[in-house]
Amino acid sequence: ETGVTQTPRHLVMGMTNKKSLKCEQHLGHNAMYWYKQSAKKPLELMFVYSLEERVENNSVPSRFSPECPNSSHLFLHLHTLQPEDSALYLCASSQDIGGAEQFFGPGTRLTVL
Amino acid sequence: GQQLNQSPQSMFIQEGEDVSMNCTSSSIFNTWLWYKQDPGEGPVLLIALYKAGELTSNGRLTAQFGITRKDSFLNISASIPSDVGIYFCAGKGSNYKLTFGKGTLLTVNP
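The rules we used
- Residues numbered from 1 in each chain as written.
- Chains lettered and ligands numbered in written order.
- Predicted model: local features only at pLDDT ≥ 70, side-chain atom pairs only at ≥ 80, totals over all residues.
- Heavy atoms only, no water.
- Helix = DSSP H or I, 4+ residues; strand = E, 2+ residues; numbered from the N terminus.
- Buried < 20%, exposed > 50% of the residue type's maximum accessible area, 1.4 Å probe, protein only.
- Contact = heavy atoms within 4.5 Å.
- Areas by Shrake-Rupley, 256 points an atom, 1.4 Å probe, with all protein chains shown as cover.
- Lys, Arg positive; Asp, Glu negative; His and termini not counted.
- Charge placed at Lys NZ, Arg CZ, Asp CG, Glu CD.
- Disulfide = S-S within 2.5 Å.
- 1 Å grid on protein atoms, 1.4 Å probe; cavity = no way out; pocket = protein on both sides within 12 Å on 5 of 7 lines; lining within 4 Å.
- Points joined across faces, edges and corners; volume = space filled by probe spheres on them.
- Nonpolar A, V, L, I, M, F, W, Y, C, P; charged D, E, K, R; others polar.
- Pairing = 2+ DSSP bridges.
- Axes fitted to C-alpha atoms, helices over the stretch in contact; angles between N-to-C directions.
- Salt bridge = Lys/Arg side-chain N within 4 Å of Asp/Glu carboxyl O.

Participant: Which residues make up the overall build of chain B, and what are the values?
Facilitator: Secondary structure assignment for chain B yields zero helices and eleven strands. Written out in order from the N terminus, the α and β elements of chain B read β-β-β-β-β-β-β-β-β-β-β. Over its C-alpha atoms, taken along the principal directions, chain B stretches across nearly 40 × 25 × 20 Å. Burial statistics for chain B: of 110 residues in total, 45% are counted as buried. Within chain B, contacts between residues separated by at least 24 positions form 53% of all contacts whose residues are at least 6 apart in sequence. Accessible area for chain B stands at about 5,200 Å²; split by element, carbon and sulfur atoms hold 51% of it. Distance between charge centres in chain B, computed from 8 positive and 8 negative side chains, equals 16 Å.

Participant: I'd like to hear about the state of the cysteines, residue by residue, with values.
Facilitator: All names here are of chain B. Taken as a whole and assessed by the stated rule, the structure comprises two disulfides over all chains. Linked covalently through their sulfurs, Cys-23 and Cys-89 form a disulfide whose S-S length is 1.7 Å. Between Cys-23 and Cys-89, the S-S torsion sits near -85°, and that sign places the bridge as left-handed. Of this pair, Cys-23 sits in strand E3 (residues 19–25) while Cys-89 sits in strand E9 (residues 85–92), and the two are 66 residues apart along the sequence. Each member of the pair, Cys-23 as well as Cys-89, carries the same accessibility label: buried.

Participant: So, the layout of surface pockets: which residues are in play, and what are the values?
Facilitator: Of the voids in this model, the largest pocket is the one considered here, and its volume is about 1,000 Å³. For the largest pocket, the lining is made up of 37 residues, of which Lys-40, Lys-41 and Pro-42 of chain A together with Phe-88 and Lys-102 of chain B are closest to its centre. Within the residue set of the lining of the largest pocket, elements represented by two or more residues are strand E5 (44–50) of chain A together with strand E1 (4–7), E9, strand E10 (98–100) and strand E11 (104–109) of chain B. Residue composition of the lining of the largest pocket, grouped by class: 13 nonpolar, 16 polar and eight charged. A volume near 170 Å³ is recorded for the second largest pocket. The element contributing the most residues to the lining of the second largest pocket is E5 of chain A, with three residues. Of the residues assigned to the lining of the second largest pocket, the class counts are six nonpolar, two polar and three charged.

Participant: Give a description of the sheet that holds strand E7 (residues 64–70) of chain A that names residues and reports values.
Facilitator: Residue and element names in this part refer to chain A. Spatial ordering of the open sheet is given by E1-E3-E8-E7, a layout of four strands whose pairing is antiparallel. Each having just a single partner strand, strand E1 (4–7) and E7 make up the two edges of the open sheet. Neighbour-to-neighbour, the strand axes of the sheet open up by a mean angle of 20°, direction not taken into account. Here E1 runs beside strand E3 (residues 18–25); their pairing, made up of four bridges, is antiparallel. For Thr-7, the partnering residue across the bridge sits in E3 and is Lys-22.

Participant: Describe the pattern of salt bridges, with residues and values.
Facilitator: Under the definition given, this model contains five salt bridges over all chains. Across the salt bridge formed by Arg-9 of chain A and Glu-41 of chain B, the nearest N and O atoms sit 3.6 Å from each other. On the criterion of chain membership, the pair formed by Arg-9 of chain A in the loop between E1 and strand E2 (10–13) and Glu-41 of chain B in the loop between strand E4 (31–37) and strand E5 (44–49) is interchain, its members lying in two chains. Judged by its relative accessible area of 35%, Glu-41 of chain B is partly exposed. Asp-83 of chain B is paired through a salt bridge with Arg-60 of chain B; the nearest N and O atoms lie 2.8 Å apart. Within this pair, whereas Asp-83 of chain B is found in the loop between strand E8 (71–76) and E9, its partner Arg-60 of chain B is found in the loop between strand E6 (55–58) and strand E7 (61–65), the two being separated by 23 residues in sequence. Overall, the relative accessible area of 6% leaves Asp-83 of chain B in the buried class.

Participant: Kindly report on the pairing of E7 of chain B, identifying the contributing residues and their values.
Facilitator: Residue and element names in this part refer to chain B. Residues Leu-61, Ala-63 and Phe-65 line the buried face of E7, whereas the alternating positions Thr-62 and Gln-64 sit on a face that is not buried. Looking at chain direction, E6 and E7 are connected through four bridges and run antiparallel. If you follow Leu-55 over to E7, its bridge partner there is Gln-64. Between E6 and E7, which pair antiparallel in sequence order, lie two residues; one of them, Gly-59, sits at a positive phi of approximately 65°. The sheet contact formed by E7 and E8 spans five bridges and is antiparallel.

Laid out in structure tokens, this is it:
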């Protein structure tokens, strides 16, 4: 595997379900990010981790819970989501937290019923 | 917060034509980035610009970092069908955050 991978690629869940999104970067980077991409809106930064420490929690509802067990892996735990949370969730990484060049995974298309 | 205005929102062109799109900001950026996103995929980094006035090429793509540091443009020459997609600009200021434009949807008619 190369670059940034995300699983699953598609996820459909009910409002009462609990699921997790996984991201893995194979680039040796130290910073990882979660973004939400909704139609006709700019990418919204959700969470930022640097060397496994959370640096940013961008006013994201608590029904989204990130986890970064090491610098290569990032998870987004989901529970009690709302239909308006349906979107493409993108993971990205950069060499360091100050690095401008962020490399994105393919995303997880989430649908909340 | 910082906002980027990206234009045009969409473009319909014939294969072989040149394309130009741009982004403007109300704030100064230290870095400008251009990404392309294909349907069902994540954004792919095309070009990164680090210095005001910098002009950088990547194949048929050319991007420039505006002198005022508040704008950037991307040109695609001799477009081909696989250029279809959404092109995003992104700017980075003094902190670690990227500010993204809303994207330009490019359609190329063969």
